[in-house]
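Read off the chains here:
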Amino acid sequence: MQPTKVSEEESFDWLKVRQDIGLDRDDISKQEGFTEKLMRRFKENPFVPIGCLATVGCLTLGLFSFHRGERRMSQLMMRARVVAQGFTVVALVAGVSMTAIKKMPPA
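Residues numbered from 1 in each chain as written. Predicted model: local features only at pLDDT ≥ 70, side-chain atom pairs only at ≥ 80, totals over all residues. Heavy atoms only, no water.

1. Notes on the packing of aromatic side chains
So, step 1. Going through the model one piece at a time under the given rule, you end up with one aromatic pair.
So, step 2. On the basis of an interplanar angle of 90 degrees and a centroid distance of 6.2 Å, the ring pair of F47 and F87 is categorised as edge-to-face. Here F47 is found in helix 5 (residues 47-68), whereas its partner F87 is found in helix 6 (residues 71-103), with 40 residues between them in sequence.
So, step 3. On the basis of relative accessibility, which here comes to 46%, the residue F47 falls in the partly exposed class.
So, step 4. On the basis of relative accessibility, which here comes to 39%, the residue F87 falls in the partly exposed class. (Phe/Tyr/Trp six-rings, centres within 6.5 Å; stacked < 30°, edge-to-face > 60°. Helix = DSSP H or I, 4+ residues; strand = E, 2+ residues; numbered from the N terminus. Buried < 20%, exposed > 50% of the residue type's maximum accessible area, 1.4 Å probe, protein only.)

Shown next, in the form of structure tokens:
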């Protein structure tokens, strides 16, 4: 079986696709870095990082209390961690839902 010859136009289909979606060579240099993306995402849905920080804080304090032998405080912090995790999951689902609703075409 002989290889088929690809026309020059077909071999550059990816260029047409990039133009169709609005990406040019200049756009590559304008890509946002990690810090810019983090700040943009935080502004879009600030409850997710807040929930993550609350979860980590409760976990850290709970483990520290467990290490010191404070059973009551350790148990309280582990329960607070579960609540903070639940808050984070709800915030994440709400954020994804809001983004999906915004991207839907008007009816």
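2. A word on the UniProt feature "transmembrane region" (unreviewed entry) in the chain
So, step 1. Within this structure's numbering, the places UniProt gives as "transmembrane region" (unreviewed entry) are residues 47-66 and 78-101.
So, step 2. With 100% helix and 0% strand, the stretch residues 47-66 has end C-alpha atoms that lie 28 Å from each other.
So, step 3. Within the segment residues 78-101, helix and strand shares are 100% and 0% respectively, and the terminal C-alpha atoms sit 35 Å apart. (UniProt positions renumbered as here; feature names shortened; annotations may be inferred.)

3. A few points about the side chain of S65
So, step 1. When you line up the elements, S65 lands in helix 5.
So, step 2. According to the relative accessible area criterion, S65 is buried, its value standing at 2%.
So, step 3. Among residues more than four places away in sequence, those in contact with S65 are E70, M73 and S74. (Contact = heavy atoms within 4.5 Å.)

4. Comments concerning the environment of M73
So, step 1. Among the structural elements, M73 can be located in helix 6.
So, step 2. Sequence-wise, M73 and L63 are ten residues apart; in three dimensions their C-alpha atoms are separated by 9.7 Å.

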